[in-house]
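What the coordinates show
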Amino acid sequence: MNSTNQPFGEGYKPENFRWRVRRVSNWMGSQEMMIELDELEGCVSFGDTLREAKKGLKESLFLWIRHHGEQQLPDIRSGAHLIILDSPMTDEEFEYINTELKKLD
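Note that the coordinates shown come from a computational prediction; the quantities given were computed from them, not determined experimentally.

Rules behind the numbers
- Each chain carries its own residue numbering, running from 1 in the written order of its sequence.
- Restriction of local features to residues with pLDDT of at least 70 applies here, the model being predicted, together with a cutoff of 80 or more for giving and counting side-chain atom pairs; totals for whole chains, interfaces and linings are based on all residues.
- Derived side-chain values reflect all non-hydrogen atoms in the structure, with water molecules and hydrogen atoms excluded from consideration.
- Like charges within 9 Å and nonpolar side chains (Val, Leu, Ile, Met, Phe, Trp, Tyr) within 5 Å are joined into patches, using only residues over 30% in relative accessible area that form no salt bridge.
- Here, Shrake-Rupley sampling with a 1.4 Å probe gives the accessible areas, and only protein chains in the shown set may cover a residue.
- Counted as salt bridges are all cases of a side-chain nitrogen of Lys or Arg within 4 Å of a carboxyl oxygen of Asp or Glu.
- Whether a residue is buried, partly exposed or exposed follows from its accessible area with a 1.4 Å probe, protein chains only, as a fraction of its type maximum: under 20%, in between, or over 50%, in that order.
- The numbering of helices and of strands both runs from the N terminus, where a helix is a DSSP run of H or I of at least 4 residues and a strand a run of E of at least 2.
- Strands qualify as paired when DSSP identifies two bridges or more between them.
- Take the buried residues of types Ala, Val, Leu, Ile, Met, Phe, Trp, Tyr and Cys, join any two whose side-chain atoms come within 4.5 Å, and each joined set is a nonpolar core.
- Whether two residues are in contact is decided by their heavy atoms: any pair within 4.5 Å suffices.

Before going further, it helps to spend a moment on a nonpolar patch on the surface. A cluster of nonpolar side chains, contributed by Tyr96, Ile97, Leu101 and Leu104, occupies part of the molecular surface with about 450 Å² of accessible area. Take Tyr96: its relative accessible area is 54%, and that puts it in the exposed class.

Summed over the entire model, instances satisfying the criterion amount to four salt bridges. Residue Asp38 is joined to Arg18 by a salt bridge in which the shortest nitrogen-to-oxygen separation is 3.4 Å. You can see Asp38 sitting in the loop between strand E2 (31-37) and strand E3 (44-47) and its partner Arg18 sitting in the segment before strand E1 (19-25), a full 20 residues away along the chain. The exposure class assigned to Asp38 is partly exposed, which follows from its relative accessible area of 25%. A relative accessible area of 28% places Arg18 in the partly exposed class.

In this section: the pairing of E1. Among the seven residues in E1, five count as buried, and that is most of the element. When E1 meets E2, the two strands line up antiparallel, connected through seven bridges. Paired with Val21 across the strands is Ile35, a residue of E2. Here E1 folds back onto E2 in antiparallel fashion, the turn holding five residues, of which Gly29 has a positive phi close to 90°.

Next up on the list: the nonpolar core. One finds Leu37, Leu40 and Leu61 to be the most contacted residues of the largest nonpolar core, which totals 14 residues. Among the elements that take part in this core, helix H1 (residues 50-68) stands out by supplying five residues, more than any other.

Moving on, we get to the side chain of Ser60. Looking at where Ser60 falls in the secondary structure, it is placed in helix H1. On the basis of relative accessible area, Ser60 is assigned to the buried category, the value being 13%. Sequence-distant contacts of Ser60, defined by excluding residues within four places in its chain, comprise Cys43, Val44 and Ser45.

Here you go:
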């Protein structure tokens, strides 16, 4: 609970932020959907379908707020939210990411 005795993130929802939507390769090499809340670095959800990825956004937002704090949230804008559709991840991007991840071991 925060200082107003409401759960963290009360009143905030994924629709308050811009969405960045992209089809990406997962660790098994198949494709899945990714939705990232553009203003909140690292607030991201994945799913086999756009619907599944959207379902995970609420939990992602809650966890982001719990980790970073409500004071780090940008001001909420009223009205429709913007959805940005990025092109699918290329094979080169997938290979680059996997190469960089292997270097971390």
